[in-house]
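Given next are the chains, with one letter for each unit.
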Amino acid sequence: MKNRLKELRAERGWSQQALADRLDVSRQTTNALETGKYDPSLPLAFKIARLFALRIEDIFEDDNG
Amino acid sequence: MPSQSEKRSGKKPSAQTRYIVLSLLAMAIFTLAILVLTPLASQNETLTAIGFTIVSTLPLILVAYEFQRYVRALDELQSQIEMQSAAIGFGLALLIAAIWGLAEGYNLVPRISIAMTLPLGVVLHGAVRQIRLWRLG
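First, a word on what this report is: a plain description of the structure on this page. Sequence positions are assigned chain by chain, starting from 1 and proceeding in written order. Lettering for chains starts from A, numbering for ligands starts from 1, and both go in the order in which the items are written. At least 70 in pLDDT is required for a residue's local features to be given in this predicted model, at least 80 for side-chain atom pairs to be given and counted, and no such filter applies to totals for whole chains, interfaces and linings, which use all residues. Calculated side-chain values reflect all of the structure's heavy atoms, with hydrogen atoms and water omitted.

Quick look at the overall build of chain A now. Secondary structure follows DSSP: runs of H or I at least 4 residues long count as helices, runs of E at least 2 residues long count as strands, and numbering of each begins at the N terminus. When you go through chain A residue by residue, the secondary structure sums to five helices and two strands. Counting from the amino terminus, helix and strand elements in chain A follow one another as β-α-α-α-α-α-β. For this measure, only C-alpha atoms enter the radius of gyration; the expected value for a globule follows 2.2 Å times N^0.38, where N is the number of residues. For 65 residues, the compact-globule estimate of 2.2 N^0.38 gives 11 Å, and chain A sits close to it at 11 Å. The buried label applies to any residue whose accessible area, calculated with a 1.4 Å probe on protein chains only, is under 20% of its type's maximum; exposed applies above 50%, and partly exposed to all values in between. The proportion of buried residues among the 65 residues of chain A is 43%. Here the contacts in chain A between residues at least 6 apart in sequence split such that 52% fall between residues at least 24 apart. Per-residue accessibility takes into account occlusion by the displayed protein chains alone, with areas from the Shrake-Rupley method and a 1.4 Å probe. Of the roughly 3600 Å² of accessible surface on chain A, 49% is carried by carbon and sulfur atoms. Between the averaged position of the 11 positive side-chain charges in chain A and that of its 11 negative side-chain charges there is a distance of 5 Å. Should any heavy atoms of two residues lie within 4.5 Å, those residues are counted as being in contact. Counted as positive: Lys and Arg. Counted as negative: Asp and Glu. His and the chain ends are not counted at all. Charged groups are reduced to one reference atom each: NZ for lysine, CZ for arginine, CG for aspartic acid, CD for glutamic acid.

So this is what it looks like as structure tokens:
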């Protein structure tokens, strides 16, 4: 699944660790999310959406969509 | 008090390090207990054998406790990796134990206690976890 996490993080000048701290996950998980190696659970996707004040579909894009 | 993410990021001694060190230590004690106590237990009365069994089991209880403590401290991806690695690691250990058992039946290899599957499983679990973490980058 494609996503805009890296772009949104860069806009705010946050490091991967800073984003990880805000989401209460590891830096490794943040990296896996950004590179599309891991798709988040629905609760984590909502947490990410709330953090960036966006809708889930504004951040994540279905590959088949 | 460090936050969950601080614990996960490795700023403090991580739950992973604690689990790896304690589980390997416990498995070493378990292996030693089996190697030393099993021949002794067979020469002693039932009560002594029960005592030896309990002593040998204590490290396993420690590993089980540490594992649930460790998994609860992880985030969702780490937890998923841990559970999948455990399934693959212990699955491989069972496969090796079954093959070893067959080879024992044909007198190809020395007889080893089936309980040795557990330390093997812990080591394979750790190896699979590290490979998966390395592949994630």
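Turning our eyes to something else, we now look at the nonpolar core. The biggest cluster of nonpolar side chains holds 22 residues, and the ones touching the most others in it are Leu5, Ile48, Phe52 and Ile59 of chain A. Ignoring anything within four residues of it in the chain, the contact list for Leu5 of chain A reads Leu19, Leu33, Glu34, Ile48, Phe52 and Ile59 of chain A. Residues enter a nonpolar core if they are buried and are Ala, Val, Leu, Ile, Met, Phe, Trp, Tyr or Cys, with the set joined through side-chain atoms within 4.5 Å.

You will see that Asp24 of chain A, though not glycine, has its phi angle at about 60°, which is positive. Within the secondary structure, Asp24 of chain A is located in the loop between α2 (16–23) and α3 (27–34). A positive phi angle is found at Asn107 of chain B, which is not glycine, with a value near 55°. Along the chain, Asn107 of chain B falls in the loop between α4 (76–105) and α5 (117–136).

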